[in-house]
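A closer look at the structure
These are the residues of each chain, in order.
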Amino acid sequence: MIPIDTIVSIKSGDEYGGKYTGKLGIIKKFTDDRVGVEFAGLKNHASKYGLFWFKKENVTPSLFDVPKRNDAIIPAALAKAFLNFTFGAPQGIARRKAGHFQWS
């Protein structure tokens, strides 16, 4: 199961007439057979959570996927991913020494 707060890409499906296919969003809730996705700058007024609901098989983790539409990428999520990638790099690739990076 994909965890909450994961950036996902929407696969082609019948939900919302395929309008959100290729769009990036963040998983915020689950039901037995659906995933609640939040899109930057959009709110689903038909949902009490403001989320868009998709079948689980129609979402895929997509941290560095290129959207098919002009999406407003969620800055906080991308910043977190960048920091985890940069400072979580295996030793031997990049080491921080006295406030500077030393590449080996």
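Residues numbered from 1 in each chain as written. Predicted model: local features only at pLDDT ≥ 70, side-chain atom pairs only at ≥ 80, totals over all residues. Heavy atoms only, no water.

Things to note about the packing of aromatic side chains
- Per the counting criterion, the structure on display carries nine aromatic pairs.
- Both rings, one in Tyr16 and one in Tyr20, keep their centres 5.4 Å apart while their planes meet at 85°; by these two values the pair is edge-to-face.
- Judged by relative accessible area, which is 35%, Tyr16 ranks as partly exposed.
- Owing to a relative accessible area of 10%, Tyr20 belongs among the buried residues under this scheme.
- Note on Phe39 and Phe52: the rings are 5.3 Å apart at their centroids and 50° apart in plane angle, and the pair reads as tilted. You can see Phe39 sitting in the loop between β3 (34-38) and β4 (52-55) and its partner Phe52 sitting in strand β4, a full 13 residues away along the chain.
- Every member of this aromatic cluster is reached through a ring pair, and the members are Tyr16, Tyr20, Phe39, Phe52 and Phe54. (Phe/Tyr/Trp six-rings, centres within 6.5 Å; stacked < 30°, edge-to-face > 60°. Buried < 20%, exposed > 50% of the residue type's maximum accessible area, 1.4 Å probe, protein only. Helix = DSSP H or I, 4+ residues; strand = E, 2+ residues; numbered from the N terminus.)

Digging into the pattern of salt bridges
- According to the stated counting rule, one finds three salt bridges in the structure shown.
- The shortest N-O distance in the salt bridge between Asp5 and Lys28 comes to 2.8 Å. Linking Asp5 in the segment before β1 (7-10) with Lys28 in strand β2 (residues 24-30), this pair joins segments that are 23 residues apart in sequence.
- A salt bridge links Lys55 to Asp14; the shortest N-O distance between them is 3.6 Å. Placement of Lys55 in strand β4 and of Asp14 in the loop between β1 and β2 is noted, with a sequence separation of 41 residues between them. (Salt bridge = Lys/Arg side-chain N within 4 Å of Asp/Glu carboxyl O.)

Some details on the sheet that holds β2
- Within the open sheet, the five strands sit side by side as β4-β3-β2-β1-β5. Their pairing is antiparallel. Because the sheet does not close on itself, it has two edges, and the strands there are β4 and β5 (59-61). Sheet twist, expressed as the mean angle between neighbouring strand axes with direction ignored, is 50°.
- Here β2 pairs with β3 via four bridges, running antiparallel. The residue of β3 that forms the bridge with Ile26 is Glu38. (Pairing = 2+ DSSP bridges. Axes fitted to C-alpha atoms, helices over the stretch in contact; angles between N-to-C directions.)

Structural notes on the nonpolar core
- In this structure, Ile2, Val8, Ile10, Tyr20, Ile27, Val35, Val37, Phe39, Phe52, Phe54 and Val59 together form the largest nonpolar core, which totals 11 residues.
- Of all the elements in the fold, those that place two or more residues in this core are β1, β3 and β4.
- Not counting residues within four places of it along the chain, the set of residues in contact with Val35 comprises Ile27, Lys29, Phe30, Phe52, Trp53, Phe54, Lys56 and Val59. (Core = buried A, V, L, I, M, F, W, Y, C linked by side-chain atoms within 4.5 Å. Contact = heavy atoms within 4.5 Å.)

Overview of the environment of Lys56
- Here Lys56 shows up in the loop between β4 and β5.
- For the pair Lys56 and Asp33, spaced 23 residues apart in the sequence, the C-alpha separation amounts to 6.3 Å.
- When neighbours within four sequence positions are excluded, Lys56 is seen to be in contact with Met1, Phe30, Thr31, Asp32, Asp33, Arg34 and Val35.
- Within the local environment of Lys56, its side chain forms a polar contact with the backbone oxygen of Asp32, the two atoms lying 3.1 Å apart. (Polar contact = N/O pair within 3.5 Å; in protein donor to acceptor, adjacent residues only side chain to side chain.)

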